[in-house]
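Descriptive analysis of the structure
Each chain, written out:
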Amino acid sequence: TPTTEFFDSPDRTATAQALAEAFRAAYGTDPEGVWSAPGRVNLIGEHVDYTGGLCLPLALPHRTFVALRPRTDGVVRVRSVQEPDEVAVPLDEVGEGSPEGWAAYVAGVPWALLRKGFEGLALTGGFDALVDGHVPYGSGLSSSAALECAVAVALGELVEAPLDDTGRAGLAGACQLAENVVAGANTGGMDQAASLRCHEGGAILLDTDDDSVAQVPLDLAGAGLALLVVDTRAEHSHAGGEYGARRADVEHAADVLGVPNLRAVPFADLDAALDRLDGDVLRRRVKHAVTEIERVRRTAELLRAGRPAEIGDLLNASHDSLRDDYEVSCRELDLTVDVARAHGALGARMTGGGFGGSAIALVRSQDVAAVADAVAAAFAEQGLTAPRFLSALPSAGADRDL
Ligand code: ADP
Ligand code: MG
């Protein structure tokens, strides 16, 4: 039988303390502080954050930590427990596509904060930083946003930016800019909003049309439920191109329909809108976006009514739409979803951009191990790389630890 590997999140305070100690060993001084930001998983509302849609992400207990100390010479020096190389980047060399590699997610943040109108010595003077990430990389759980947001909340505090929700929305916008321009990843704003604006015990209903956020309660444990995240370990090389192609499809459809984005197409008007589009493919893309936004609304309503066990059908319908109409799933995601459903999951779907990455399954607490074992067994039987599992409890957004 295959082994079922669970990705635990280490104790926050102990990890922060150990990182402060490691910072002293690396740089010979104390850090100014230690900050951390979570990865995220999106409950529902997929591939709609670039067309003004709604999504419902929650912060994972898995966080990325950064110990940081300001400098005054305009240089960012950064190390990561997960990467072998120390990188030193003069801030005046940060810009589009520069620096390359993982340091973009760090050095891009002060650059983007300045571009967004934040001010302060901590944004121009540079800093020394040591990173320790506990969000698995490249699994669709947004280790990139966790890293950016940990740096952003640190620098935000150092320049005395307000850290209320409005202030956090501003930091999130800067982190997205860093990811889009400096790291060169053309993504929407969901990941950074989730990492900065989530609270423990709930998801956020994020309206990507006006950037507003509403807290939505999600007491999984209280309802006897768990959200099992399955990192399929699959990563398909065409994912980036397909992502761009889907964005182009929905932008084209919005142009044809004469609306700013597909959020502007009411669910009740879907059939009329589809009649105005040429071609089965474009119609299916639009159908996904408009129905997915409606599914997010219904999911949020059920959660607000304290009925999380009833969202399973909406999760299932979301996956089927992403698989059949939006065509962003893949064999490993479909297998995970099928096996989870067959072993008692109340609902299951791919989450994140697709073509690999992770799937989620809403399961009764007592069924977590059985569902995970069944998925692991199915992967082994089909000769696929062993998936990894984690349990998502809605956790706190980015903040200071020490
Ligand atoms: P995802 O955000 O889904 O995990 P991405 O490809 O967007 O995947 O981001 C992963 C990249 O973010 C890594 O390849 C690395 O460059 C950077 N990164 C994330 N966490 C860390 C870390 N702890 N240390 C250094 N780089 C990191
Ligand atoms: Mg990412």
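Read on for an overview of the structure.

What counts as what
- Residues numbered from 1 in each chain as written.
- Chains lettered and ligands numbered in written order.
- Predicted model: local features only at pLDDT ≥ 70, side-chain atom pairs only at ≥ 80, totals over all residues.
- Heavy atoms only, no water.
- Helix = DSSP H or I, 4+ residues; strand = E, 2+ residues; numbered from the N terminus.
- Rg over C-alpha atoms; globule rule 2.2 N^0.38 Å.
- Contact = heavy atoms within 4.5 Å.
- Lys, Arg positive; Asp, Glu negative; His and termini not counted.
- Charge placed at Lys NZ, Arg CZ, Asp CG, Glu CD.
- Axes fitted to C-alpha atoms, helices over the stretch in contact; angles between N-to-C directions.
- Parallel < 35°, antiparallel > 145°, perpendicular 65-115°, else oblique.
- Left-handed = near helix turned anticlockwise from the far one by under 90°.
- Nonpolar A, V, L, I, M, F, W, Y, C, P; charged D, E, K, R; others polar.
- Phe/Tyr/Trp six-rings, centres within 6.5 Å; stacked < 30°, edge-to-face > 60°.
- Buried < 20%, exposed > 50% of the residue type's maximum accessible area, 1.4 Å probe, protein only.
- Pairing = 2+ DSSP bridges.

When its secondary structure is counted, the chain shows 12 helices and 14 strands. A compact globule built from 402 residues would reach a C-alpha radius of gyration of about 21 Å, and the chain, at 21 Å, matches this within 12%. For the chain, the C-alpha atoms occupy an extent of roughly 60 × 55 × 40 Å along the three principal directions. Across the chain, the fraction of contacts at a sequence separation of at least 24, relative to all contacts at a separation of at least 6, is 74%. A gap of 2 Å separates the mean positions of the 33 positive and 60 negative side-chain charges of the chain.

To continue, consider the packing of helix H9 (residues 280–304) against helix H10 (residues 312–324). Between H9 and H10, the shortest axis-to-axis distance is 10 Å and the interhelical angle comes to 165°. As far as their axial angle goes, H10 and H9 are roughly antiparallel. For the crossing formed where H9 meets H10, the hand is left-handed. Residues Arg-284, His-288, Thr-291, Glu-292, Arg-295, Arg-298, Thr-299 and Leu-302 of H9 touch H10, and the partners they reach there are Leu-314, Ala-317, Ser-318, Ser-321, Leu-322 and Asp-324. Per-class residue counts for the contact of H9 with H10 are four nonpolar, five polar and five charged.

So, about the packing of aromatic side chains. A ring pair, where both rings are aromatic, is described by two values, the distance of the centres and the angle of the planes. By the definition in use, this model includes three aromatic pairs. With 5.5 Å between their ring centres and 70° between their planes, Tyr-50 and Tyr-243 make a pair best called edge-to-face. You can see Tyr-50 sitting in the loop between strand S2 (33–42) and strand S3 (54–55) and its partner Tyr-243 sitting in helix H7 (residues 239–257), a full 193 residues away along the chain. What makes Tyr-50 buried here is its relative accessible area of 10%.

Judged by pairing direction, the sheet is mixed, and its five strands sit side by side in the order S1-S13-S10-S12-S11 without closing on themselves. In this open sheet, the two edge strands, each paired with only one partner strand, are strand S1 (5–6) and strand S11 (347–351). The strands that helix H11 (residues 331–342) touches are strand S10 (225–235), S11 and strand S12 (356–364); relative to S12, the one it contacts most, it runs at about 10°. Packed on one face of the sheet, helix H12 (residues 368–381) meets S1, S10, S12 and strand S13 (388–391) and runs near 15° to S10.

Attention shifts here to the packing of helix H5 (residues 165–182) against helix H6 (residues 190–197). Where H5 meets H6, the axes come as close as 8 Å, and the angle between the chain directions of the two elements is 145°. You can see that H5 and H6 cross each other, and the crossing is right-handed. Where H5 approaches H6, its residues Asp-165, Arg-168, Ala-169, Leu-171, Ala-172, Cys-175, Gln-176 and Glu-179 are matched on the opposing element by Gln-192, Ala-193, Leu-196 and Arg-197. Considering only residue class, the contact of H5 with H6 consists of six nonpolar, two polar and four charged.

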